[in-house]
Amino acid sequence: MINLAILGSGRGSNCRVLLEAIRNGTIRATPRLVISDVIGAPILDIAREFDVPVACVLSEKFKTRYESEVEMRLVKMLRDQDVELIALAGFMRVLKEPALDAFPRRIVNIHPSLLPRFPGLEAWKQALAAGEKVTGCTVHYVDKEIDHGDIIAQREVPVLPGDTAESLHGRIQTAEHALYPETVAALCRTIAATD
Ligand code: GRF
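Remember, predicted model here, so these are calculated numbers, not experimental data.

Looking now at unusual backbone geometry. A cis amide bond, omega 10 degrees, links Leu-115 with the succeeding residue Pro-116. Inspection of the secondary structure assignment puts Pro-116 in the loop between strand S5 (107–111) and helix H5 (123–129). Backbone geometry at Asp-51 places phi at a positive 60 degrees, although glycine is not the residue there. Within the secondary structure, Asp-51 sits in the loop between helix H2 (42–49) and strand S3 (54–56). Residue classification places Asp-51 among the exposed positions, given a relative accessible area of 70%. Of note, Asp-82 is a non-glycine position whose phi angle comes to about 55 degrees, a positive value.

What follows is the structure, encoded as structure tokens:
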């Protein structure tokens, strides 16, 4: 079993599908910790529903990253739980050297576009504004650039005539909820086979 941590700032729908896939045995992992940078984030309630320990790691100074002492504290928490794979699920801070160096190619993220198209915020709105006929979602390794590291898996989603930002976002999230558990399951199998 791979020790998994999930980090998120918000709603937690991807966290839920990962925890469901662990519960039903599709992902061979132990969820050691769900961490948020937002007190009271719904993702923490989802973790509690699944009896997964939760923690908040807050920053007094920054909104989109951590001061390095705080990020080192985050790394220590993850190491203390022997975490082997970290899945970002709507985590709104950019991780820097402390975490990237401690967990090389062991931090993954899901992004709501076909990267390298449309990194950044509200990628579905960007795709709609650009007149794309197809967009989708991407699971990628996290590196020091935003929404950038090596791509692990992608799923296409059609942009339909009459789509609104909401309808397109909903369709992308449905695709995410299939792609992320599948991809994390495959990563856990690879890590288990190589360690
Ligand atoms: C997802 O759409 C993901 O692609 C992006 O943040 C969103 C998180 O949604 N990185 P949720 O909190 O998992 O519902």
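With that settled, the discussion passes to the pairing of strand S4 (residues 85–88). Side chains Leu-85 and Ala-87 of S4 all project onto a buried face; the interleaved residues Ile-86 and Leu-88 project onto the opposite face, where all are buried too. The pairing of strand S1 (residues 2–8) with S4 spans 4 bridges and is parallel. Across the sheet, the residue bridging to Ile-6 is Ala-87, located in S4. The pairing of S4 with S5 spans 3 bridges and is classified as parallel. Looking at the pairing, Leu-88 lines up with Asn-109 of S5. For the segment spanning S4, helix H4 (residues 97–102) and S5, crossover handedness is right-handed.

Turning next to the pairing of S5. Within S5, 5 of the 5 residues are buried, leaving the element largely enclosed by the surrounding structure. Inspection of the sheet shows S5 paired to strand S6 (residues 134–141) by 4 bridges, in the antiparallel sense. Among the inter-strand pairings, His-111 is bridged to a residue of S6, identified as Thr-138.

Counting across every chain of the model gives 1 aromatic pair. Pairing Tyr-66 with Phe-91 gives two aromatic rings, centres 6.2 Å apart and planes at 40 degrees, and the pair type is tilted. On the criterion of sequence distance, the pair formed by Tyr-66 in the loop between S3 and helix H3 (68–80) and Phe-91 in the loop between S4 and H4 is long-range, its members being 25 residues apart. The class for Tyr-66 is buried, based on a relative accessible area of 2%. The ring of Phe-62 is capped by Arg-65, whose NZ or CZ atom sits 3.8 Å from the centre of that ring. The side chain of Arg-105 reaches across the aromatic face of Tyr-141, ending 4.3 Å from its centre.

Reading the values: the criteria
Throughout this document, residue positions are counted from 1 along each chain, in the order its sequence is written. pLDDT decides what is reported in this predicted model: residues at 70 or higher carry local features, side-chain atom pairs at 80 or more are listed and counted, and totals for whole chains, interfaces and linings draw on all residues regardless. For side-chain calculations, the full set of non-hydrogen atoms in the structure is used, while hydrogens and water are omitted. Only runs of H or I of at least four residues qualify as helices and only runs of E of at least two qualify as strands under DSSP, and these elements are numbered from the N terminus. Exposure is judged per residue with a 1.4 Å probe applied to protein chains only, and the accessible area is read against the type maximum: over 50% gives exposed, under 20% gives buried, and values in between give partly exposed. Being paired, for any two strands, means DSSP has found at least two bridges between them. Whether a crossover is right-handed depends on one test, that the path from the first strand over the helix to the second runs clockwise when the strands point away from the viewer. Here a pair means two rings of Phe, Tyr or Trp (six-membered ring of Trp) with centres within 6.5 Å. Their orientation is stacked below 30 degrees between planes, edge-to-face above 60, and tilted elsewhere. A positively charged side chain is recorded as over a ring if its NZ (Lys) or CZ (Arg) lies within 6 Å of the ring centre. The angle to the ring normal must also be within 35 degrees.

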